[in-house]
Amino acid sequence: MKQTQICPQEAAQESPASASRRNFLRGLPVITVGAVGAPLPALAGQSGARWGMLVDVRKCIGCQACTIACINENEVPEGSFRTIVSTYSVKQPAAAGQPAGTYVLPRLCNHCDNPPCIPVCPVGATFKREDGLVLVDGDRCVGCAYCVQACPYDARYINHQTGKADKCTFCGHRLEAGLLPACVETCVGGARIFGDLNDPKSELSRRIGAAGDSLKVLKPEQGTKPRVFYIGLDQRFQGKVEGQGALWKPELHGGKS
């Protein structure tokens, strides 16, 4: 078999997303020939993985590449989002020398270890997999929206095409194929790191360990134990934000859409 080697010059030009993809693939379990006939979900369950994500807000430029990739990958209906980067106009103190600044906050389902969306579902449609993914069984869901109201992260919605509850799934179908979630794959700044929290050698575990006290989660007071972690998160945006996030629309600010 022919092997391709990357020279130092090529390696230096490797994008953050490519590096994240390479490190993710290294952590996947090796599947033997005898296991080829097993269903993909079963193979994913055998890996013993516990998936999580780290968002480095310092690297996010609010380009919405993650949002668009998610919409295309998961056929998200117009007007709804599984992941989004909210943009806020923040008032600056007088000493800053300018009246306002801009802050971006990537948001998605936190796939909590203690998800409040599960106990409120009257038909058991929302469930948690062994690998930590919180998912919705569309065959059971009756579209009552109890889970939408219970989520403290505004990460759920009722799909107006199916009438069912919908949300981020960490692109579980891509994980079963050995791929990264679409939002991670397309992040041009490498702001999203995805991996196995049970693997101490994974890039995700190493980044979380190195973050120390700078590691934060959204709304920790809710006790949901999120598995989406943040670095560089402004403390004012960790809990309830006094204001409404919006999509940045360049055409409203003298730019091109």
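The structure this text deals with has already been given above.
All values derive from a computational prediction rather than experimental measurement.

A.B. asks: Let's hear about the overall build of the protein: which residues, and what values?
C.D. replies: Counting its regular elements, the protein contains eight helices and ten strands. Classification of the 257 residues of the protein by burial places 42% in the buried group. A fraction of 60% describes how many contacts in the protein between residues 6 or more apart in sequence connect residues 24 or more apart.

A.B. asks: If you had to explain helix α4 (residues 65–74) to someone new, which residues and values would you point to?
C.D. replies: Along α4, the residues that are buried comprise Cys 66, Thr 67, Ala 69, Cys 70 and Asn 74. Around the axis of α4, the buried residues are gathered within 165 degrees of arc, so they sit on the same side. Structurally, α4 contributes buried residues whose contacts are with β2 (83–91), α6 (172–175), α7 (182–185) and β8 (192–196).

A.B. asks: Quick rundown of the packing of aromatic side chains? Include the residues and the values.
C.D. replies: Overall, the coordinates contain four aromatic pairs when judged by the stated rule. Three or more aromatic residues joined by ring pairs form one cluster here, namely Trp 51, Phe 170 and Phe 194.

A.B. asks: Tell me about the pattern of salt bridges, and name the residues and values.
C.D. replies: In the structure shown here, the tally under the stated rule is eleven salt bridges. Notably, a salt bridge pairs Lys 128 with Asp 113, separated by 3.7 Å at the nearest N-O pair. Here Lys 128, found in strand β4 (residues 126–128), pairs with Asp 113, found in the loop between β3 (100–108) and β4; they are 15 residues apart in sequence, far enough to count as distant. When the shortest N-O distance is used, the salt bridge between Arg 174 and Glu 185 registers 3.6 Å. Here Arg 174, found in helix α6, pairs with Glu 185, found in helix α7; they are eleven residues apart in sequence, far enough to count as distant. Arg 174 gets classed as buried once you look at its relative accessible area, which sits at 12%. Connected through salt bridges with shared partners, the residues Arg 50, Asp 113, Lys 128 and Arg 227 form a single ionic network.

A.B. asks: Help me get a handle on helix α8 (residues 203–211), residues and values and all.
C.D. replies: All buried positions along α8 are accounted for by Glu 203, Leu 204, Ser 205, Ile 208 and Ala 211. Note on α8: the residue one or two positions beyond its end, Gly 212, has a positive phi of about 60 degrees.

A.B. asks: If you had to explain the nonpolar core to someone new, which residues and values would you point to?
C.D. replies: Met 53, Phe 170, Phe 194, Tyr 230 and Leu 233 are the most contacted members of the largest nonpolar core, which has 35 residues in total. When residues of this core are traced back to their parent elements, those giving at least two are β1 (51–56), β2, β3, α7 and β10 (228–231). By residue number, the principal contributor to this core is β3, which donates four residues. Excluding residues within four positions of it along the chain, Leu 233 makes contact with Val 57, Tyr 103, Leu 105, Lys 216, Val 217, Leu 218 and Gln 238. Of all hydrophobic cores here, the second largest spans nine residues; its members include Ile 193, Leu 197, Leu 204 and Ala 211.

A.B. asks: Pulling in residues and values, what's your account of the pairing of β10?
C.D. replies: Put simply, side chains in a regular strand alternate between the two faces of the sheet. Burial along β10 is two-sided: the residues Val 228 and Tyr 230 and Phe 229 and Ile 231 are all buried. For β1 and β10, the ladder comprises four bridges, and the chain directions are parallel. When the bridges of β10 are listed, Met 53 appears paired with Val 228.

A.B. asks: Account for the sheet that holds β8, naming residues and giving values.
C.D. replies: The sheet built from four strands is open, its strands ordered β8-β1-β10-β9 with mixed pairing. Two strands lie at the open edges of the sheet, namely β8 and β9 (215–216), each paired on one side alone. α8 rests against β1, β8, β9 and β10 of the sheet, and its axis sits at about 115 degrees to β8.

A.B. asks: Let's hear about unusual backbone geometry: which residues, and what values?
C.D. replies: A positive phi angle is found at His 111, which is not glycine, with a value near 45 degrees. By the element assignment, His 111 lies in the loop between β3 and β4. Even without a glycine there, the phi angle at Lys 225 is positive, about 55 degrees. Tracing the chain through its elements places Lys 225 in the loop between β9 and β10.

A.B. asks: Break down the environment of Thr 83 for me, citing the residues and quoting the values.
C.D. replies: Residue placement: Thr 83 occurs in strand β2. Owing to a relative accessible area of 3%, Thr 83 belongs among the buried residues under this scheme. Sequence-wise, Thr 83 and Ala 69 are 14 residues apart; in three dimensions their C-alpha atoms are separated by 9.6 Å. Among the polar contacts listed, one links the side chain of Thr 83 to the backbone oxygen of Arg 107, at a separation of 2.9 Å. Of the polar contacts made by the side chain of Thr 83, one reaches the side chain of Arg 192; its length is 3.0 Å.

About the thresholds
Residues numbered from 1 in each chain as written. Predicted model: local features only at pLDDT ≥ 70, side-chain atom pairs only at ≥ 80, totals over all residues. Heavy atoms only, no water. Helix = DSSP H or I, 4+ residues; strand = E, 2+ residues; numbered from the N terminus. Buried < 20%, exposed > 50% of the residue type's maximum accessible area, 1.4 Å probe, protein only. Contact = heavy atoms within 4.5 Å. Arc of directions from axis to C-beta. Phe/Tyr/Trp six-rings, centres within 6.5 Å; stacked < 30°, edge-to-face > 60°. Salt bridge = Lys/Arg side-chain N within 4 Å of Asp/Glu carboxyl O. Core = buried A, V, L, I, M, F, W, Y, C linked by side-chain atoms within 4.5 Å. Pairing = 2+ DSSP bridges. Axes fitted to C-alpha atoms, helices over the stretch in contact; angles between N-to-C directions. Polar contact = N/O pair within 3.5 Å; in protein donor to acceptor, adjacent residues only side chain to side chain.

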